[in-house]
Amino acid sequence: MSEATDRPVDGDAWADACAEDLAAEKARRRAEYGPPPGSAAEELRKLVDAVADKVSSLQTPLFGVAAPAVQQAIRQAKSAVEPVIERNPQVFDHLAAAGNELLAAYRSAVEGQESRWTRTTEGASGTAGPSKKAADDPSDPRDEGPSGTERIDLD
């Protein structure tokens, strides 16, 4: 019997190798880019803390008289936000995902509109540019600005 057949076969060798590769890639990315961002709830908490610290550190004449009131407002805002974050951290992840979807839809709409605005035809000189007809036609609707409302399909 050969030595290869005497060893037990590990059925999860592929999964183990993939897990090792994934761990190595994650370690490489952490070393190159730093730690990954936290959840949306953690990021909101960091934002609230950073804004509170920045406002607290401002020493302007305007805040000089109102400093106690500003400090109180900051404490109240933090105390109002913190329980919401604790009870519903997944809500912030959903809101972040929805914001990304809205941004993608906006980009798509803008790119589509830009492509309609900048449609070009091949001129006689071989260079791309506005068609001669569009440049000479005073009734060209592209020169009139927005033509009213336009339905944008977000699906």
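Scoring rules and cut-offs
Residues numbered from 1 in each chain as written. Predicted model: local features only at pLDDT ≥ 70, side-chain atom pairs only at ≥ 80, totals over all residues. Heavy atoms only, no water. Helix = DSSP H or I, 4+ residues; strand = E, 2+ residues; numbered from the N terminus. Buried < 20%, exposed > 50% of the residue type's maximum accessible area, 1.4 Å probe, protein only. Contact = heavy atoms within 4.5 Å. pLDDT = per-residue confidence, 0-100. Expected span 1.5 Å × (residues − 1). Salt bridge = Lys/Arg side-chain N within 4 Å of Asp/Glu carboxyl O. Axes fitted to C-alpha atoms, helices over the stretch in contact; angles between N-to-C directions. Parallel < 35°, antiparallel > 145°, perpendicular 65-115°, else oblique. Nonpolar A, V, L, I, M, F, W, Y, C, P; charged D, E, K, R; others polar.

An unreviewed UniProt entry annotates the protein as DUF5304 domain-containing protein of Streptomyces globisporus.

(A) Geometry of the overall build of the protein. Scanning the protein from terminus to terminus reveals six helices and two strands. Walking the protein from its N terminus toward its C terminus, one meets helices and strands in the order α-α-α-α-α-β-β-α. Counting only residues that meet the buried cut, the protein has 8% of its 155 residues in that class. Sequence-distant contacts in the protein: of pairs separated by 6 or more residues, those separated by 24 or more amount to 49%.

(B) Molecular detail of the confidence of the model for the protein. Considering every residue of the protein, the mean pLDDT works out to 75; 68% of them sit at 70 or more. Under a pLDDT of 50 for its full length, residues 121–126 has, in the predicted model, six contacts with residues more than four places off or in other chains.

(C) Spotlight on the environment of Glu42. As for its position among the elements, Glu42 is in helix α3 (residues 40–57). When the C-alpha atoms of Glu42 and Pro89 are compared, they prove to be 8.3 Å apart, with 47 residues separating the residues in sequence.

(D) Layout of helix α5 (residues 89–117). In this model α5 runs 42 Å from its N-terminal to its C-terminal C-alpha over 29 residues, within 8% of the 42 Å that 1.5 Å per residue would give. Of all the positions in α5, only Phe92, Ala105 and Gly112 are classed as buried.

(E) The arrangement of helix α2 (residues 13–33) in detail. Look at α2: 30 Å from first C-alpha to last across 21 residues, which is about the 30 Å you get at 1.5 Å a residue. Following α2 by one or two positions, Gly34 adopts a phi angle in the positive range, close to 90°.

(F) Geometry of the pattern of salt bridges. If you walk through the whole model with that rule in mind, you get seven salt bridges. Note that Glu25 is salt-bridged to Arg29, the shortest N-O span being 2.9 Å. In this pair, Glu25 and Arg29 both sit in helix α2, four residues apart, roughly one turn of the helix. Classification of Arg29 as partly exposed rests on a relative accessible area of 46%. Here Glu32 and Arg28 are joined by a salt bridge, their closest N and O atoms 2.8 Å apart. On the criterion of helical spacing, the pair formed by Glu32 and Arg28 is a turn pair, its members being four residues apart in helix α2. Since its relative accessible area comes to 38%, Arg28 is described here as partly exposed. What emerges from the salt-bridge pattern is a single network uniting Glu25, Arg28, Arg29 and Glu32.

(G) A look at the environment of Asp53. With respect to the helices, strands and loops of the structure, Asp53 is situated in helix α3. Along the chain, Asp53 and Ile74 lie 21 residues apart, while their C-alpha atoms are 9.3 Å from each other.

(H) Representation of the packing of α3 against α5. Where α3 contacts α5, the axes come no closer than 7 Å and their chain directions differ by 95°. By the angle class used here, α3 and α5 are roughly perpendicular. Where α3 approaches α5, its residues Ala40, Ala41 and Leu44 are matched on the opposing element by Pro89, Phe92, Asp93 and Ala96. Here the contact of α3 with α5 is composed, by residue class, of six nonpolar, no polar and one charged.

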